[in-house]
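Listed below are the residues making up each chain.
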Amino acid sequence: MKFIYLDHAATTPVHPEVVEAMIPYLSEMYGNASSTHAAGRQARTALNAARDRIAAFVGCSPSELVFTGSGTESDNMALFGAAEAYRSRGKHIITTSIEHHAVLHACERLEQLGYEVTYLPVDRFGQVSLADVEEAIRPDTILISVMYGNNETGTLQPVEAIGRLAREQGICFHVDAVQALAHIPMDLSRLPVDLMSFSAHKLNGPKGIGALYISKTTKISPLLYGGSQERKRRAGTENTAGIVGFAKAVEIMRKNRYELKQKMEKLRQGMVKELERRLDADAFVINGHPTEVLPHILNVSFPGISTETMLMNLDLAGVAAASGSACTSGSLEVSHVLKAMKLPEAVTASAIRFSFGADNTEQQIAEVAGILETIVSRLRTIR
Ligand SMILES: Cc1ncc(COP(=O)(O)O)c(C=O)c1O
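Residues numbered from 1 in each chain as written. Predicted model: local features only at pLDDT ≥ 70, side-chain atom pairs only at ≥ 80, totals over all residues. Heavy atoms only, no water.

**Here's the deal with helix H4 (residues 101–112)**
No. 1: Between the first and last C-alpha of H4 there are 16 Å, a value that for twelve residues agrees with the 16 Å anticipated at 1.5 Å per step.
No. 2: Three or more residues of H4 are buried, namely His101, Ala102, Val103, Leu104, Ala106, Cys107 and Leu110.
No. 3: In the stretch just after H4, glycine 114 is the one whose phi turns positive, near 105°. (Helix = DSSP H or I, 4+ residues; strand = E, 2+ residues; numbered from the N terminus. Expected span 1.5 Å × (residues − 1). Buried < 20%, exposed > 50% of the residue type's maximum accessible area, 1.4 Å probe, protein only.)

Structure below.
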């Protein structure tokens, strides 16, 4: 049976060139980057080169990047780190109701620790309004955290406008760009953002390596205490192989950026067209913003067919898709993102996330649409 992977928002396959770049640092080049001998210096050189490359890719200075163990850790570091560093100014944080759990659950913990968090609503497309952000700002607001692009619907947020507002008010602004990094060109020298989270495994890099951009003027208290790695901002021996792999993934992405964007748009539009051609208009609904959207994510509901049933049928046909964020798939819980968008229950209970990657083809998209047509007609007849 063929296997078609349409779950790149959960994770992407590691590019063979990334594996090749990492292998030496998992074998003969095993030095600890903090050691002063030749083996240590070799690791340090690789680490510095990787940091320079990733910093250039996002338009910041290498000293403004801290390597972490994941996108989740980057989000946690931004939230807990800024909350503690700015505690003397106030204890109010603003975020949105559609953030990844790495932000939402960190905020819930901050509430237990005595912080106050405002969770902003979104419209039916999953977008937060600038006016709501403005209205939520208080004299004791110390941090605003809004994601770049949503991992379930792909909807983009007005981060630039929110960032300008945060700058005017002197409030620290964090952006979770874990899903956006591969698909939206970032220029942090221009964007009014103080903290930004990244993760390598969403762009054909390895798992277990992330980064947090911390602008020169932003204060952050560390989460981890120990050695003085990462300029004392994140203790722990650096994951040299992971960092080298992250940089290689970024290099490949930089070279292929234009082609990838074109391809993602083509695959996404192709899938929509195929669904329109094969299914009745009332058999599916597309969730998320019609235009302000990450090009690799397409969230579709098939009203009357539960998410679990559809995912199981797709899996049996060799298609890997998801119900939303990887952390909630497998559970029967309705997505907090679709709930926040106030979509009808028939839509939230039947949503499927398809997410495309560099390795997908138009042929695969047509095949998946054909499989969906068969599943929908079979299950609709049963009902
Ligand atoms: C928007 C967003 N933020 C954070 C994360 C967490 O990243 P990681 O899997 O590297 O911990 C994810 C992962 O799916 C994500 O999509």
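**Quick word on the nonpolar core**
As a rule of thumb, soluble globular proteins bury nonpolar side chains together.
No. 1: Within the largest apolar cluster, 90 residues are counted, with the highest numbers of intra-cluster contacts made by Tyr148, Met196, Phe198, Phe246, Phe302 and Phe354.
No. 2: When neighbours within four sequence positions are excluded, phenylalanine 302 is seen to be in contact with Leu275, Leu279, Ala283, Phe284, Met310, Ser350, Ile352, Phe354, Leu372 and Val376.
No. 3: Counting 23 residues, the second largest nonpolar core, distinct from the first, contains Ala82, Ala85, Tyr86 and Val103. (Core = buried A, V, L, I, M, F, W, Y, C linked by side-chain atoms within 4.5 Å. Contact = heavy atoms within 4.5 Å.)

**Examining the packing of helix H3 (residues 71–85) against H4**
No. 1: Across the interface, H3 lies against H4 with an axial gap of 9 Å and an inter-helix angle of 30°. Relative to H4, H3 is oriented roughly parallel. The element H3 and its partner H4 pack so that their crossing is right-handed. In this structure, H3 contributes Thr72, Asp75, Asn76, Leu79, Phe80 and Ala83 to the contact, and H4 contributes Ala102, Val103, Ala106, Cys107, Arg109 and Leu110.
No. 2: Looking at side-chain class alone, the contact of H3 with H4 contains eight nonpolar, two polar and two charged residues. (Axes fitted to C-alpha atoms, helices over the stretch in contact; angles between N-to-C directions. Parallel < 35°, antiparallel > 145°, perpendicular 65-115°, else oblique. Left-handed = near helix turned anticlockwise from the far one by under 90°. Nonpolar A, V, L, I, M, F, W, Y, C, P; charged D, E, K, R; others polar.)

**With respect to the side chain of threonine 155**
No. 1: Here threonine 155 is to be found in the loop between strand E5 (141–145) and helix H6 (159–169).
No. 2: The class for threonine 155 is buried, based on a relative accessible area of 0%.
No. 3: At 2.7 Å, the side chain of threonine 155 and the backbone oxygen of phenylalanine 125 are in polar contact. (Polar contact = N/O pair within 3.5 Å; in protein donor to acceptor, adjacent residues only side chain to side chain.)

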